[in-house]
Amino acid sequence: MMRNPAVLAFLSLVFSLLCNSMANSDLLQQSTILQCLSNHSVASPPISSLTYFPTHPSYKSILQSYIRNLRFSSATTPHPLFIVVPSHASHIQASIICCKIHGLEMRIRSGGHDYDGLSYVSTAQFMIVDMFNLRSISVNIEDESAWVESGATLGELFYTIAQKSKIHGFPAGVCPTVGVGGHFSGGGYGNMMRKYGLSTDNIVDAKLVDATGKVLDRESMGEDLFWAIRGGGGASFGVILSWKIKLVSVPEIVTVFRMEKTLEQNATDIVHKWQYIADKIDENLFIRVVLLPVTKMHLQSIKAKFIALFLGNAEKLISLMNGRFPEVGLSPENCIEMSWIESVLFWSNYPKETSLEVLLNRQPQPEKYLKKKSDYVQEPISKKNLEGIWKKMIELRRPALTLNPYGGKMSEISESETPFPHRAGNIYKIQYSVTWKEDGVEALDRNLDQIARLYDYMTPHVSKSPRSSYLNYRDVDIGINEIGNASYSEAIIWGRKYFKGNFDRLVQVKSMVDAGNFFRYEQSIPSLTSWRSRMAE
């Protein structure tokens, strides 16, 4: 085929002009956005030094540094138009104003542990407010409180408390790299929740930037909004700058243990008995069970790992267990006495002599591909049905189940006290988990199918009407909003699962404080005002 040199030269010129035009357009857009941000924020520190476009050499590293799920770090994952890393409230105010002017969605990331990536991924044109610069922690032992900025991690919070006191702690999660912002606003459970409730049950004040750019505290935001952000997901209502928390008392000595049983070691009977004990035993004791399929000497089985924290000494724990749960076979050799802050390291699977400074490490290693789901169990599962679950897990090979007991303080707090409704009547919560290292669509589809099949198999054994889920175990499988147009009828499908009867109050609060639905994402609370105005257009 003949090729005309003149035609080729002309096409090359056109292509070059188009590329230059697109590059110039991108530069113009960047310049316009930067000018907007600068116009609406303090001069020092300048927001321009904290704003990263794809052309900036640090853009990629900042974007990827808080991606905790490799499913959302692929070449096909949508990337933000730019990232703002605020160090001052005005940087957030400016971001809100300029997103409105330029028609952008905002994603808010504190620690990046949103299991389905909704804090840093969107199919709409979007930017990210990444909170990691805002991570100061101020502990006041005299009034047993602390102010914690949303970009801090749980590890940083625990470490700072321990530096001030050996008899204070805070009820929150066991993963030190989780960001405070999302953890607190979604509920925040941990191994002291049977004694003290959730993180959100111990929050006494907060500061946020609302959809109009105002900075509000508890008094100025009012009790409705303060209620909504403590378990309803803060990113539906504003950008939470910081939280004031109430510290709790911990003994100088706590006791932990970790024991494993396989089916051949009577795991079925022990797990069955655990269901009748774990939510009713002394509230100072939290016993988690992790169930996973294993293969040893070509024999397929299920391993049950019992991991516990007791707010007391080993002697008291052994007496308690021998009286209420002797099937575990706990002995003094299984028990380790330590300080509460050392128990944080134990629960994070660090070796015994690890320095506490590891809690200041914000980067968990290594990252994996993962998918999580959740359920609540309200009636004990029979031995026969447990055996059916084991069979299904062995067949699927990969998914693991983590059982977290409720009861204690959790049963004393009303369902409507905060948006988090999963209180009395729940024996335990299940986390479904599948992780993998292989890249590619085939591995993704296979693992997502495995966890979905186990979740479906569990249907008869878990809560119903609704089949409840935990907001902080983000799961888009249970439903999402239509992009940019969240209707009540769409959102109630997933909203009832997370919030039960509290969903309607959350919608009312959203409609009052963010009528235009600026703060929106795939599972954000809808604004009835915004939806009705769209329907009328």
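Residues numbered from 1 in each chain as written. Predicted model: local features only at pLDDT ≥ 70, side-chain atom pairs only at ≥ 80, totals over all residues. Heavy atoms only, no water.

(A) Structural view of the overall build of the protein chain. Secondary structure summary: the protein chain contains 17 helices and 18 strands in total. Its C-alpha atoms give the protein chain a radius of gyration of 25 Å, near enough to 24 Å, the size a compact globule of 537 residues would have. Its C-alpha atoms give the protein chain principal-axis dimensions of about 85 × 70 × 50 Å. The buried share of the protein chain, taken over its 537 residues, is 56%. (Helix = DSSP H or I, 4+ residues; strand = E, 2+ residues; numbered from the N terminus. Rg over C-alpha atoms; globule rule 2.2 N^0.38 Å. Buried < 20%, exposed > 50% of the residue type's maximum accessible area, 1.4 Å probe, protein only.)

(B) Local environment of the state of the cysteines. Inspection of every chain in the model, using the stated rule, returns one disulfide. Here Cys 36 is linked by a disulfide to Cys 98, with a sulfur-sulfur distance of 2.1 Å. One disulfide, between Cys 36 and Cys 98, carries an S-S torsion of -105° and so falls in the left-handed class. Residue Cys 36 is found in helix H1 (residues 5-39), and its partner Cys 98 is found in helix H3 (residues 89-102); the two are separated by 62 residues along the sequence. Of the two residues, Cys 36 and Cys 98, both sit in the buried class. (Disulfide = S-S within 2.5 Å.)

(C) Molecular detail of the packing of helix H12 (residues 383-396) against helix H14 (residues 441-457). Close contact between H12 and H14 brings their axes to 10 Å; oriented N to C, the two are set at 170°. Overall, the two elements H12 and H14 adopt an arrangement that is roughly antiparallel. Across the interface between the two elements, Gly 388, Ile 389, Lys 392, Met 393, Glu 395 and Leu 396 of H12 pack against Gln 450, Arg 453, Leu 454 and Tyr 457 of H14. Taken together, the residues of the contact of H12 with H14 break down into five nonpolar, two polar and three charged. (Axes fitted to C-alpha atoms, helices over the stretch in contact; angles between N-to-C directions. Parallel < 35°, antiparallel > 145°, perpendicular 65-115°, else oblique. Contact = heavy atoms within 4.5 Å. Nonpolar A, V, L, I, M, F, W, Y, C, P; charged D, E, K, R; others polar.)

(D) Region of the structure containing the pairing of strand E6 (residues 145-149). With four bridges connecting them, strand E5 (residues 137-140) and E6 associate as antiparallel partners. Bridged to Val 139 within E6 is Ala 146. Taking the residues between adjacent antiparallel strands as the criterion, E5 and E6 are bridged by four residues, where Glu 144 takes a positive phi near 55°. Sheet topology note: the E6/strand E10 (residues 239-246) ladder contains five bridges and is antiparallel. Across the sheet, residue Val 148 finds its bridge partner in E10, namely Trp 243. (Pairing = 2+ DSSP bridges.)

(E) Geometry of the side chain of Ser 95. Of note, Ser 95 is situated in helix H3. A polar side-chain atom of Ser 95 sits 2.8 Å from the main-chain carbonyl oxygen of His 91. Those residues in contact with Ser 95 that sit more than four places away from it in its chain are Leu 37, Val 84, Met 106, Met 127 and Val 129. (Polar contact = N/O pair within 3.5 Å; in protein donor to acceptor, adjacent residues only side chain to side chain.)

(F) Region of interest: the pattern of salt bridges. All chains considered together, the criterion is met by 30 salt bridges. Asp 224 is paired through a salt bridge with Arg 505; the nearest N and O atoms lie 2.9 Å apart. Highlighted residues: Asp 224 in helix H8 (residues 223-228) and Arg 505 in helix H16 (residues 503-513), separated in sequence by 281 residues. Within the structure, one salt-bridge network assembled from shared partners comprises Arg 71, Asp 116, Lys 371, Lys 373, Asp 475 and Asp 477. (Salt bridge = Lys/Arg side-chain N within 4 Å of Asp/Glu carboxyl O.)

(G) Quick peek at the packing of aromatic side chains. Summed over all chains, the structure comprises 21 aromatic pairs. Note on Phe 72 and Tyr 120: the rings are 6.4 Å apart at their centroids and 80° apart in plane angle, and the pair reads as edge-to-face. A residue pair is termed long-range when its members are at least 10 positions apart, and Phe 72 in the loop between helix H2 (59-65) and strand E2 (83-84) and Tyr 120 in the loop between strand E3 (105-109) and strand E4 (126-130) qualify at 48 residues. Both rings, one in Phe 518 and one in Phe 519, keep their centres 4.9 Å apart while their planes meet at 80°; by these two values the pair is edge-to-face. A relative accessible area of 1% means that Phe 519 is categorised as buried. Connected via pairs of aromatic rings, a cluster forms that spans Tyr 115, Tyr 189, Phe 420, Tyr 470 and Tyr 473. (Phe/Tyr/Trp six-rings, centres within 6.5 Å; stacked < 30°, edge-to-face > 60°.)

(H) Layout of the side chain of Asn 481. Within the secondary structure layout, Asn 481 lies in the loop between H14 and helix H15 (488-499). Within polar-contact distance, the side chain of Asn 481 engages the side chain of Trp 494 at 3.0 Å.

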